[in-house]
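Working through the structure, step by step
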Amino acid sequence: DTTTGDPDVTVDPDVTVEPETTTPVVLPYPPGDVASAKPYGMVKWDIMPNMTFYDPWADEWVELASLYQHPTIKAFAFSHSAGWCPPCKAEAEALVPIFDDLEAKGMSVFYTLGQDVQGLVPFGPDVTKEASMAFMEGWKAEMSVDYPLYADPLQEIWQHLPPEGHGWPLTMVVTTKDMCIRYVDEGFSDAFIKNKISIALNDPPSEGICRGYVAPE
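Before going into details, it helps to say that this report is about the structure given with it. (Residues numbered from 1 in each chain as written. Predicted model: local features only at pLDDT ≥ 70, side-chain atom pairs only at ≥ 80, totals over all residues. Heavy atoms only, no water.)

1. A few points about the overall build of the protein chain
The condition that has to hold: Helix numbering and strand numbering both begin at the N terminus, where a helix is a DSSP run of H or I of at least 4 residues and a strand a DSSP run of E of at least 2. Accessible area is worked out with a 1.4 Å probe on protein chains only. A residue is then buried under 20% of its type maximum, exposed over 50%, and partly exposed in between. Only the protein chains shown count as cover for residues, with accessible areas throughout obtained via the Shrake-Rupley method and a probe of 1.4 Å.
Within the protein chain, the secondary structure is distributed over three helices and seven strands. Moving toward the C terminus, one meets the helices and strands of the protein chain in the order β-β-β-α-β-α-β-β-β-α. The burial tally for the protein chain puts 48% of its 217 residues in the buried class. In the structure as shown, the protein chain presents an accessible area of about 10,800 Å², 53% of it carried by carbon and sulfur atoms.

What follows is the structure, encoded as C-alpha cells:
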C-alpha cells in the first residue's frame, strides 16, 4: 500500500525510513567558500555539499563526509539517477567494469537512486519499504552492480541543483582530499567517466582552482 501527502492520514512507521533521532556524529568536512552565500555547490570547481543517503542493505545512513580525506579512496563518481531513465541504466551498467578496473587505484562510486520507475522516491512517504527494496534489488541485479548503491529518501540534493533543471543521470567526479567537483556530465558518456576519473586519480591541484578550498595547515 502507498501513503498520501495528506497530513491527516496516519502513516505506518514501518512504511518510511526516518533518520535516527540520536545526536549524529559530526564528521570533518571542508568549509567551502565561506565568502559566498552558497558555500557549496554542484557545478565544476565547487566543493560538493555534504548530503546523507540511505543504504538499504546495511540499513544505515551514509554521509558524503565519510569519503572526505579517505585513506584509500582518492576520487569517486557521484551519480544522481532514476529508475525511469534509460541513460541511467546504461551508465549504471557501464560503471561496473570501470569500478572493477580502477578500484585498486583509489576509485569508488557513490551511486544514488532518487526516483523509481514511476518517479516516486524509494523509501520516501509514498512508497512502502517492501516496494522500495524490491526496486533497489531489481536495479542492482539487472545492472550487475557491485559498487556502493544508495537510495535518496531525504532528497537533499534538490536544494543544491540549478533551478533550470538538469539532465539525467547527473554525474560528477569528486576528489576526496578536498571534496572538489572536478568534472560534471549530464546524460551518459562511457568515455567521459573513465577518462575523467583516471585524471582525478592523478592527484590534481586544488588551491586556486576549487572555489573556497583552503589547503590544510
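2. With respect to the nonpolar core
Put simply, the rule is: In this description, a nonpolar core means a group of buried Ala, Val, Leu, Ile, Met, Phe, Trp, Tyr and Cys residues linked to one another through side-chain atoms lying within 4.5 Å.
Ranked by size, the top nonpolar core spans 33 residues in total, and within it M107, Y111, W139, Y147 and I197 carry the most contacts. Of all the secondary-structure elements, those providing two or more residues to this core are β3 (75-82), α1 (86-102), β4 (107-115), α2 (129-142), β5 (149-151) and α3 (190-200). The dominant element in this core, judged by the number of residues it contributes, is α1, at seven residues. M42, F78, L170 and Y213 belong to the second largest nonpolar core, which has 26 residues in total.

3. Let's talk about the state of the cysteines
To keep things clear, this is the line we draw: We call a pair of cysteine sulfur atoms a disulfide when they lie within 2.5 Å.
All told, the structure shown has two disulfides when counted by the stated rule. Shown here is the disulfide that connects C85 with C88, its sulfur atoms set 2.4 Å apart. With the S-S bond torsion at 85 degrees, the cross-link from C85 to C88 turns out right-handed. Note on C85: relative accessible area 2%, which makes it buried. Look at C88 and you get buried, because its relative accessible area is 0%. The side chain of C180 participates in a disulfide bridge whose partner is C210; the two sulfur atoms lie 2.0 Å from each other. One quick way to see it: the torsion about the S-S bond of C180 and C210 is about -95 degrees, and its sign makes the bridge left-handed. You can see C180 sitting in strand β7 (residues 180-186) and its partner C210 sitting in the segment after α3, a full 30 residues away along the chain. C180 gets classed as buried once you look at its relative accessible area, which sits at 0%. Ordering the disulfide-forming cysteines of the protein chain by sequence position, one finds them joined as 1-2, 3-4.

4. Remarks on the pattern of salt bridges
How we decide: In the sections that follow, a salt bridge refers to a side-chain nitrogen of Lys or Arg positioned within 4 Å of a carboxyl oxygen of Asp or Glu.
Under the counting rule described, the total for this entry stands at five salt bridges. For D203, the salt bridge identified is with K177, shortest N-O distance 2.9 Å. Separated by 26 residues along the polypeptide, D203 in the segment after α3 and K177 in the loop between β6 (170-175) and β7 bring together distant segments of the chain.

5. Some details on the packing of aromatic side chains
Heads up, the condition is: Put simply, two rings from Phe, Tyr or Trp (the six-membered ring, in Trp's case) pair if the centres are within 6.5 Å, and we call them stacked under 30 degrees between planes, edge-to-face over 60, tilted for the rest. Charges are assigned to positions over rings by a cutoff of 6 Å between ring centre and Lys NZ or Arg CZ, combined with an angular limit of 35 degrees from the ring normal.
Throughout the structure, instances matching the rule amount to 14 aromatic pairs. Each ring, one from F135 and one from W139, has its centre 6.3 Å from the other, and the planes form 55 degrees; the classification is tilted. Of this pair, F135 and W139 both sit in helix α2, four residues apart, roughly one helical turn. Overall, F135 belongs to the buried group, its relative accessible area being 13%. Using a relative accessible area of 3% as the deciding quantity, one classes W139 as buried. Clustering of aromatic rings is evident, with ring pairs tying together F99, Y111, F135, W139 and Y147. Directly above the aromatic system of W57 lies the positively charged group of K140, at a separation of 4.2 Å from the ring centroid.

6. Quick notes on the pairing of β6
Here is the key point about a regular strand: its side chains alternate between the two faces of the sheet. Convention followed: What makes two strands pair is DSSP finding at least two bridges between them.
Most of β6 sits inside the fold, with six of its six residues counted as buried. Note: β3 against β6, six bridges, orientation antiparallel. Within β6, the residue paired with A77 across the bridge is V173. Of the pairings in the sheet, the one linking β6 to β7 comprises six bridges and is antiparallel in character. Looking across to β7, one finds that M172 is bridged to V184.

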